[in-house]
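Here is how the chains run, residue by residue.
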Amino acid sequence: MTRTHDPAATQHPPLFTTVDAGRFDLATCPTTVAQYWHYLLDQGLDQEPAPRLHAFPRQAGTGLRTDRQGRVTLDDELSTLPATGVTWHGAVAYCTWLGALTGTHCRLPSAAEWQRAASGPRGWRWSLGNEFDRPLYAPEATGPRPVTHLPAGPTGLRGMTGNVFEWCSDPLASPDGPVPGSRAVKGGAYTLRNPESFENGTTFTSDALSTLPYIGFRVLRERRPR
Amino acid sequence: MISFARQDLVVGSADLTARERPPHRVSLGPFALADRCVSAGDFTAFLHDAPDDMDHLMIDCIDPGFVVHRADGFQVRPGCADFPMIQISFWGAAAYCNWLSRGEGFQPVYDLARREAGLSADGYRLPREAEWEAACRQGHPAGTAGTGNTADAPAACRALRAGEAGLGAFRRGEPGPIPTAARAPDAAGLHEMIGNVREWCHDRYAPYSAEPARDPSGPGRGSFRVVRGGSFADPGPACRPASRMAAFEDTKCEVYGFRVARSL
């Protein structure tokens, strides 16, 4: 895997761009391994398991892994990968932490907010246009790709379509009300193939305690003072 | 497992779609076919015993699958162990067959790294589509096709669906699977051959030839596999013993499951 230096991928706090006609700011990239590692160290979460928040594989490949003692270690050369293995609760906790640290209101986007940001001012079907560009969105891959390899759309967002799903705030809706335990994910992932799964308007859901190498998240920052 | 004797039969149909034409003669050696699909509980036992045999490209753990992946690994959702295993690719199903073979001292059929199969091995495998059709025809003699868990299933069947039972992430009122062996078996002793989940077969997909064939197993190359039996998402008339469909082998979808077979 090529290491590419891009300040946006390793910078803490993350870079934001204003989207949805100025209604909110969204991180230009999904939260990266480097950024999540910064949070783990700040909170002392690298020292012991936190199964409600995250779990990392024993094998290298996704940037963070768990050693034999249960501690989290960083594979520095993979720090520009999107942070994966983070549960919905872990993604929410990261947003809350970042907001407190930076004096802003940070949270996960709703599926509707995510969709408006991804569709952009021209209402595109996928984040970079109305054509499904398979080599760009869904190349053959066995794991996440560095977010720095992904081109930016008109509002500066990278990696909205493909690579890894992104957690959103919404619970799974049902005619009987929300189904407990599942939350929305958007954007498609390297594990999928058919273009419809990647559309801005398509929403899947996943168990909120999922720790999977194909689900990450990005932070929404509200445009109001804390 | 239900045993089927050596037999000659006509596979295919002139009355369905172009995929089933032309009907042609097939000779099959003796084989055994599982009476039901592999359940989410069965598959989770494999995942716990041999976690390194599975990677995330072979199994999809997002909703509405019955198996999730949490900090403590793969887990079956509460109350869902008897539902069919879904959202596994052809090779995910093949990995399960190999695990079953090793556990019972048989030779594994599939080489997962090379994506090849050796049908001379005595282990578990996916059924040849002709075996699947022979078994389904035996279970559903002409005029007794009956009803399965198809898109137009009767109310008593729909009531067994995961969403109606409030289990997993299938929603109430939406089509969904019913537990394996939830309904009475067919005349051959097989459960849910028609409907519920489309079943991965061993064969790569190709149009039929009119030539008679002995133990056919599909073409040697290609990445589309035959799936049989239709699903809860397919209308009943499209789910006949002779009906066949093709699926990309890396597809992981909530309408695909499988049952195991073995040469005797």
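Overview of the structure.

Thresholds, definitions, all that
- Along each chain, the written sequence defines residue order, and numbers are assigned to residues from 1.
- Here the convention is simple: chains get letters from A, ligands get numbers from 1, in the order in which they are written.
- Confidence filtering applies because this is a predicted model: local features only for residues at pLDDT of at least 70, side-chain atom pairs given and counted only at 80 or more, and all residues used for totals across whole chains, interfaces and linings.
- No hydrogens and no water enter the side-chain calculation; it runs on all heavy atoms of the structure.
- Note on contacts: a residue pair qualifies if any of its non-hydrogen atoms lie within 4.5 Å across the two residues.
- The quantity reported as buried area is the accessible area (1.4 Å probe) lost by two parts once they are put together, taken as the sum for both.
- Any carboxyl oxygen of Asp or Glu that lies within 4 Å of a side-chain nitrogen of Lys or Arg is treated as forming a salt bridge with it.
- In the cavity and pocket records, a cavity denotes points on a 1 Å grid over the protein atoms alone where a 1.4 Å probe fits but cannot get out, a pocket denotes an open set with protein on both sides within 12 Å along at least 5 of 7 lines, and lining residues are residues with an atom within 4 Å of a point.
- Grid points are joined across faces, edges and corners, and a volume is the space filled by probe spheres set on the points.
- Strands are runs of DSSP state E lasting at least two residues, helices are runs of H or I lasting at least four, and both sets are numbered from the N terminus onward.
- Side-chain classes follow a simple rule in which Ala, Val, Leu, Ile, Met, Phe, Trp, Tyr, Cys and Pro form the nonpolar group, Asp, Glu, Lys and Arg form the charged group, and the remainder, Gly included, forms the polar group.
- To sort residues, take the accessible area from a 1.4 Å probe on protein chains only and compare it with the maximum for the residue type: under 20% means buried, over 50% means exposed, and anything in between is partly exposed.
- Two strands qualify as a pair provided DSSP detects at least 2 bridges between them.
- Helix axes are fitted to C-alpha atoms over the stretch in contact, other axes to C-alpha atoms as well, and angles between N-to-C directions run from 0 to 180 degrees.

**Observations regarding the interface of chain A and chain B**
Frequently, the measure chosen for interface size is the accessible area removed from exposure when the parts meet.
Phase 1 of the analysis: In this complex, chain A contributes 29 residues to the contact, which on the side of chain B involves 19 residues.
Phase 2 of the analysis: Surface buried jointly by chain A and chain B totals about 1800 Å² across both partners, of which 57% is contributed by carbon and sulfur atoms.
Phase 3 of the analysis: Contact with chain B buries surface across chain A, with Thr191, Asp207 and Tyr214 of chain A losing the most and accounting together for 24% of the total.
Phase 4 of the analysis: Scanning the region where chain A abuts chain B turns up 1 salt bridge.
Phase 5 of the analysis: The partner of Asp207 of chain A in a salt bridge is Arg70 of chain B, and the shortest N-O contact between them spans 2.7 Å.

**What about empty space enclosed by the protein?**
All names here are of chain A.
Phase 1 of the analysis: Taken as a whole and assessed by the stated rule, the structure comprises 1 cavity of 30 Å³ or more.
Phase 2 of the analysis: Each pocket or cavity is described by its volume, and for the largest cavity that value is around 140 Å³.
Phase 3 of the analysis: Ser127, Leu128, Gly153, Leu157 and Met160 are, among the 18 residues lining the largest cavity, the residues nearest its centre.
Phase 4 of the analysis: Of all the secondary structure elements, the ones that give two or more residues to the lining of the largest cavity are helix 4 (111–119) and helix 5 (134–137).
Phase 5 of the analysis: Looking at the lining of the largest cavity residue by residue, the classes come out as 11 nonpolar, 6 polar and 1 charged.

**Points about the pairing of strand 9 (residues 198–204) of chain B**
Residue and element names in this part refer to chain B.
Phase 1 of the analysis: Among the 7 residues that make up strand 9, 7 are buried, leaving the element largely enclosed by the rest of the structure.
Phase 2 of the analysis: Judged from the 2 bridges that link them, strand 9 and strand 13 (residues 256–257) form a sheet pairing that is parallel. Its bridge partner being in strand 13, Arg198 is matched across the sheet by Tyr256.
Phase 3 of the analysis: Note that strand 9 and strand 11 (residues 224–228) share 3 bridges and pair antiparallel. Within strand 11, the position partnered with Glu199 by the bridge is Arg228.

**Section: the sheet that holds strand 3 (residues 24–28) of chain B**
All names here are of chain B.
Phase 1 of the analysis: Within the open sheet, the 3 strands sit side by side as 2-3-10. Their pairing is mixed. Each edge of the open sheet carries a strand with a single partner, namely strand 2 (7–11) and strand 10 (213–214).
Phase 2 of the analysis: Direction of pairing for strand 3 relative to strand 10: parallel, over a ladder of 2 bridges. When the sheet's bridge partners are listed, Val26 is paired in strand 10 with Ala213.

**Quick look at unusual backbone geometry**
Phase 1 of the analysis: Look at the link from Arg21 of chain B to Pro22 of chain B: it is a cis peptide, with omega at -5°.
Phase 2 of the analysis: With respect to the helices and strands, Pro22 of chain B occurs in the loop between strand 2 and strand 3.
Phase 3 of the analysis: Cis peptide bonds are those with omega within 30 degrees of zero, and the linkage from Asp63 of chain B to Pro64 of chain B qualifies with 5°.
Phase 4 of the analysis: Within the secondary structure, Pro64 of chain B is located in the loop between helix 1 (40–49) and strand 5 (67–70).
Phase 5 of the analysis: If you check the backbone angles, Ala21 of chain A has positive phi at about 55° while not being a glycine.
Phase 6 of the analysis: The residue Ala21 of chain A is located in the loop between strand 1 (16–19) and strand 2 (24–27) in this model.
Phase 7 of the analysis: On the basis of relative accessibility, which here comes to 76%, the residue Ala21 of chain A falls in the exposed class.
Phase 8 of the analysis: Phi angles above zero are rare outside glycine, and Glu192 of chain B is one such case at about 50°.

**Observations regarding the sheet that holds strand 4 (residues 31–33) of chain B**
Residue and element names in this part refer to chain B.
Phase 1 of the analysis: As summarised here, the arrangement of the 3 strands in space is 1-4-14, forming an open sheet in which the pairing is antiparallel. Sheet topology places strand 1 (2–4) and strand 14 (261–263) at the edges, where each strand pairs with a single neighbour. Each adjacent strand pair in this sheet contributes to an overall mean axis angle of 20°, direction not counted.
Phase 2 of the analysis: Here 3 bridges tie strand 1 to strand 4, and the two strands are oriented antiparallel to one another. Looking at strand 4, one finds that Ser3 is bridged to Ala32.

Read these as layout, nothing more, since geometry by itself doesn't imply function.
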